[in-house]
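Residues per chain are reported as follows:
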Amino acid sequence: MTEPTQTPLRYNEDGNVHLDFHGAVNTTIDFIVSRYGVDAMHEIFRRVGQDVYQDLRRHLMAGDADEVVKHWRHFFDREKGEYDITVGDDEIVLTVRRCPAWHHVEKIAGRVSPNFCDQTTITYAAMAEGTPFSIDTEITGPGSCRQVIRRRV
């Protein structure tokens, strides 16, 4: 899409954040949905995409999707996910065969919230709103998905 940038990756935590964090997120999602509804949860995810990840969003606004790719690689490598990223002229495709977050939650909680993957679909779509890109996520199975970044026409 664009030439890689040389800026350091902002969202590159390397500290001891255990996978159990995803279990806390799973519980939080269920709580918010049961108390306030799925629309409230989706609004929170939208704000995460636009406010928390504002640096990635700025790169997208500038026409640079490379920082999102670096972000994906960093976290999927860190958590030992099974994934591939294909960078083409017209699109970038992240294929997640085994999401470490989803599978860890299933292991420790026995149940993954039906809204767990909304954090990906809603957050990334919101991150791309108003930018030259769209980011679409297709859930392809339990703990697997396909995310596609495309330049808007």
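Here is a short report on the structure shown in this document.

The rules behind each value
Residues numbered from 1 in each chain as written. Predicted model: local features only at pLDDT ≥ 70, side-chain atom pairs only at ≥ 80, totals over all residues. Heavy atoms only, no water. Helix = DSSP H or I, 4+ residues; strand = E, 2+ residues; numbered from the N terminus. Buried < 20%, exposed > 50% of the residue type's maximum accessible area, 1.4 Å probe, protein only. Areas by Shrake-Rupley, 256 points an atom, 1.4 Å probe, with all protein chains shown as cover. Contact = heavy atoms within 4.5 Å. Phe/Tyr/Trp six-rings, centres within 6.5 Å; stacked < 30°, edge-to-face > 60°. Salt bridge = Lys/Arg side-chain N within 4 Å of Asp/Glu carboxyl O. Expected span 1.5 Å × (residues − 1). Axes fitted to C-alpha atoms, helices over the stretch in contact; angles between N-to-C directions. Parallel < 35°, antiparallel > 145°, perpendicular 65-115°, else oblique. Left-handed = near helix turned anticlockwise from the far one by under 90°. Nonpolar A, V, L, I, M, F, W, Y, C, P; charged D, E, K, R; others polar.

1. Re the overall build of the protein
Right, on to step 1. When helices and strands are counted, the protein shows 6 helices and 4 strands.
Right, on to step 2. Starting at the N terminus and walking to the C terminus, you meet the elements of the protein as α-α-α-α-β-β-α-α-β-β.
Right, on to step 3. When burial is assessed residue by residue, the protein has 42% of its 153 residues classed as buried.
Right, on to step 4. With an accessible surface of roughly 8,500 Å², the protein has 51% of that area assigned to carbon and sulfur atoms.

2. Here's the deal with helix α3 (residues 54–61)
Right, on to step 1. Regarding α3, the residues found buried are D55, L56, R57, H59 and L60.
Right, on to step 2. Packing partners of the buried residues in α3 comprise α2 (38–52), α4 (66–78), α6 (118–128) and β3 (133–141).
Right, on to step 3. Looking one or two places after α3, you find G63, whose phi comes out positive at around 85°.

3. Looking at the packing of aromatic side chains
Right, on to step 1. Overall, the coordinates contain 2 aromatic pairs when judged by the stated rule.
Right, on to step 2. Aromatic pair W72 and Y124: ring centres 6.1 Å apart, planes at 55°, arrangement tilted. On the criterion of sequence distance, the pair formed by W72 in helix α4 and Y124 in helix α6 is long-range, its members being 52 residues apart.
Right, on to step 3. You can call W72 buried: its relative accessible area is 2%.
Right, on to step 4. What makes Y124 buried here is its relative accessible area of 11%.
Right, on to step 5. For the ring pair F76 and Y83, a centre distance of 5.3 Å and an interplane angle of 40° mean the geometry is tilted. Both residues of the pair, F76 and Y83, belong to the buried class.

4. A closer look at the pattern of salt bridges
Right, on to step 1. Across all of its chains, the model carries 8 salt bridges by this definition.
Right, on to step 2. Close ionic contact of R46 with E43 constitutes a salt bridge, the shortest N to O distance being 3.4 Å. One end of the pair is R46 and the other is E43, both in helix α2 and 3 residues apart, which spans about a single turn.
Right, on to step 3. Using a relative accessible area of 31% as the deciding quantity, one classes R46 as partly exposed.

5. Points about helix α1 (residues 20–36)
Because an α-helix completes one turn every 3.6 residues, residues spaced three or four positions apart along the sequence face the same direction.
Right, on to step 1. Between its first and last C-alpha, α1 extends 24 Å over 17 residues, near the 24 Å set by a 1.5 Å rise per residue.
Right, on to step 2. Taken as a whole, α1 has its buried residues at H22, G23, V25, N26, I29 and I32.
Right, on to step 3. Turning to α1, the residues buried within the fold contact α2, α5 (100–109) and α6.
Right, on to step 4. In the segment just after α1, G37 is the residue with positive phi, at about 100°.

6. Points about the packing of α2 against α6
Right, on to step 1. One can describe the packing of α2 onto α6 by two numbers: an axis separation of 7 Å at closest approach and a directional angle of 50°. Between α2 and α6, the interaxial angle falls into the category oblique. For the pair α2 and α6, the sense of crossing is right-handed. Packed against α2, whose contacting residues are V38, H42, F45, R46, V48, G49 and Q50, the element α6 presents D118, Q119, I122, T123, A126 and M127 at the interface.
Right, on to step 2. Classifying every residue of the contact of α2 with α6 gives 6 nonpolar, 5 polar and 2 charged.

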